[in-house]
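Breakdown of the fold
So you can see what is in the structure, the chains are spelled out below.
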Amino acid sequence: MQDKLNQLKKLIGRAVDMERAASVLEWDQETYMPPGGGEARADQIATLRSAFHEIFASDEAGRLLDELEKEAAGLDYDSDEASLIRVLRREHERRVRVPLELAEELARTASLAQQVWQKARANNDFKSFEPLLAKTVELKHRWAECFKPYENIYDPLLDYYEPGITYRQIDAVFSALKPPLVKLVKDITARLDVVDDTLLSQPFGAEGQMAFGREVITALGYDFERGRIDFSAHPFTIHFGRDDVRITTRIVEGIGSSALMSTVHEAGHAMYEQGTSPTLYRTWLDQGASMSVHESQSRFYENIIGRSRPFWRYWYPRLQAIFPNQLGQVDMETFYRALNRVQPSLIRVEADEVTYGLHVILRFELENDLMNGRVSVSDLPKEWNARMEAYLGVVPPNDAQGVLQDVHWSVGYIGYFPDYLLGSIFSVQLWEQMLKERPSVPAEIEAGQYGAILDWLREKIHRHGMKFTLPELSERITGGPLRWEPYMNYLQTKYGEIYGL
Ligand code: ZN
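Residues numbered from 1 in each chain as written. Predicted model: local features only at pLDDT ≥ 70, side-chain atom pairs only at ≥ 80, totals over all residues. Heavy atoms only, no water.

**Re the overall build of the chain**
Looking only at helices and strands, the chain has 21 helices and three strands in total. Relative to the globule expectation of 23 Å for 501 residues, the C-alpha radius of gyration of the chain, 23 Å, shows essentially globular dimensions. Across its three principal axes, the chain shows a C-alpha extent of roughly 70 × 50 × 50 Å. Residue pairs at least 24 apart in sequence account for 73% of intrachain contacts in the chain once pairs closer than 6 positions are excluded. As displayed, the chain offers around 21000 Å² of accessible surface, 51% of which is attributable to carbon and sulfur atoms. Side-chain charges in the chain split into 56 positive and 74 negative, and the spacing between the mean points of these groups amounts to 1 Å. (Helix = DSSP H or I, 4+ residues; strand = E, 2+ residues; numbered from the N terminus. Rg over C-alpha atoms; globule rule 2.2 N^0.38 Å. Contact = heavy atoms within 4.5 Å. Areas by Shrake-Rupley, 256 points an atom, 1.4 Å probe, with all protein chains shown as cover. Lys, Arg positive; Asp, Glu negative; His and termini not counted. Charge placed at Lys NZ, Arg CZ, Asp CG, Glu CD.)

Below you can see the structure in the form of structure tokens.
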């Protein structure tokens, strides 16, 4: 058995090297590559990625997995070996079940649809995008059917981004969360003028923002010996194995909080990658479990820690010292409230902590209705606007600021949106559990001490890499499934206090 395991590891190790090399090229493309390099770079990345894909989908990988599965029955579920076989089986199936011609048609449609979507959004012309979106939905139907049996045709799409999760599980959480969340937004909307955030629109210099961001994430535990930070158009985290995990940030001069909060967010992703167990090196399991679990880490640091009073009691004097002209006369409480201002708005990516979830629930519901034929593509704009009004009390004046705002559907990412909210929900569940096990955490945050927090996350989540799914991690860490109540309590307590509800 050890022999076959070694063969499998050697095979996958080569694929992992190619994927990580492609990632280095991608990082360079987003940070330092001159514009002329674009075309050749696209070819280079495509070559490495297709070699990676071929190995994962290969007969050799399939044969080794077949043989190993027969012998693996006695292995401990939690062991690296059993996890390797289990996760690589899933990754192999994903690549072999979909016929090549369908995969190619999806890729072709996605690249065409993305271009058409860009124009459609710029021209506020949903009709021009409609035929390609309808085709994408039809192709996604065929794609999902490759993964029968399932209870809901939306399930394989959800599972692709968040392994182990089903429509029924997510719906149980989102449907319960929606009514109290809609009510909280309504209550806050009636008192919007209680919080003023104009102080954040002053000019904050890029250098000071970067210096402060570096100081904060170093304190949080991001390891610069195994990482670095650069500028890019859109902030992201990228890893080439646990010992080289890089982040980028974007400085928007007018918005004092955007660079800092996005740097803390990306550092949350990066510390997760830096914390995977060295024993998983080069196995493909040496990375975050999934999109939701990743977001639970980034949002934990950005929102639960980075937008909290204890955090700013420690850091605000430092920020004032860097920006004396902008903040010298502003007290911490005013700054804290500005940083947490709520404003129902049209655009998901600009949404605050409270309203964000409703943007996601709306997309989750529409995707499910679309896949099950209850809403047609041509009805989407109307359905979108009606739900925006019902959930957030705002109606898009046009489709560009409504149904056309996100790139996801154009590139075939149906089933991806729920993960953004699942991550936030899980982050609060983790926080609740952490407080139970370590009540001193808020005092530690106020003292600028984050070592125990990172150790806890390392022990419970980071070191496992891709071994466990979100539902499994939730069971292991909190003793039960994903729960919406801690998240809603957190929002009600924090924002009820800020808005005097
Ligand atoms: Zn993120």
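**Remarks on the packing of helix α17 (residues 418–437) against helix α21 (residues 485–498)**
Packing of α17 against α21 brings their axes to within 8 Å, and their N-to-C directions diverge by 85°. Here α17 lies roughly perpendicular to α21, going by the angle between them. In contact with Leu421, Ser424, Ile425, Val428, Gln429 and Glu432 of α17, α21 contributes Pro486, Tyr487 and Tyr490. Residues of the contact of α17 with α21, tallied by class, amount to six nonpolar, two polar and one charged. (Axes fitted to C-alpha atoms, helices over the stretch in contact; angles between N-to-C directions. Parallel < 35°, antiparallel > 145°, perpendicular 65-115°, else oblique. Nonpolar A, V, L, I, M, F, W, Y, C, P; charged D, E, K, R; others polar.)

**Brief notes about the coordination of the zinc ion**
Within the protein, His265 (NE2), His269 (NE2) and Glu295 (OE) serve as the donor atoms for the zinc ion, at 2.1 to 2.2 Å. Donor residues binding the zinc ion come from one chain and are separated in sequence as H-x3-H-x25-E. Of the two residues, His265 is situated in helix α10 (residues 258–274) and Glu295 in helix α11 (residues 291–305); the sequence distance between them amounts to 30 residues. As far as burial versus exposure is concerned, His265 and Glu295 are alike and both buried. (Donors = N, O, S within 2.8 Å, 3.2 Å for Na, K, Ca; no water. Buried < 20%, exposed > 50% of the residue type's maximum accessible area, 1.4 Å probe, protein only.)

**Here we look at the packing of aromatic side chains**
Under the criterion given, the structure shown has 32 aromatic pairs. Note on Tyr416 and Tyr420: the rings are 5.6 Å apart at their centroids and 70° apart in plane angle, and the pair reads as edge-to-face. By the burial criterion, Tyr416 is buried, and Tyr420 matches it. Each residue in the set Trp143, Phe147, Tyr160, Tyr161, Tyr356, Trp384, Trp409, Tyr413, Tyr416, Phe417 and Tyr420 is aromatic and connected to the rest through ring pairs, giving one cluster. We note Arg363 situated over the ring of Phe417; from NZ or CZ to the ring centre the distance is 5.3 Å. For Arg476, the ring lying beneath its charged end belongs to Phe468, and the centroid distance is 3.9 Å. (Phe/Tyr/Trp six-rings, centres within 6.5 Å; stacked < 30°, edge-to-face > 60°. Lys NZ or Arg CZ within 6 Å of the ring centre and 35° of its normal.)

**Brief notes about the sheet that holds strand β2 (residues 237–239)**
Taken in spatial order, the three strands of this open sheet run β1-β3-β2, and their pairing is mixed. Where the open sheet ends on each side, the last strands, each with one partner, are β1 (229–231) and β2. The sheet shows a mean angle of 25° between the axes of neighbouring strands, taken without regard to direction. Across three bridges, β2 lies against strand β3 (residues 245–249) in antiparallel orientation. (Pairing = 2+ DSSP bridges.)

**A look at unusual backbone geometry**
The amide bond that connects Lys148 to the next residue, Pro149, takes the cis arrangement and shows omega of 0°. By secondary structure assignment, the location of Pro149 is in the loop between α6 (126–145) and α7 (155–161). One non-glycine residue, Arg282, lies in the positive phi region at around 70°. By the secondary structure assignment, Arg282 is in the loop between α10 and α11.

**Observations regarding the pairing of β3**
With five of five residues buried, β3 is to be regarded as a mostly interior element. Residue alternation in β3 divides its side chains into two sets, Val245, Ile247 and Thr249 and Arg246 and Thr248, and both sets are buried. Of the pairings in the sheet, the one linking β1 to β3 comprises three bridges and is parallel in character. If you follow Ile229 over to β3, its bridge partner there is Ile247. Where β2 folds back on β3, the antiparallel hairpin that results is connected by five residues, among which Gly241 adopts a positive phi of roughly 100°.

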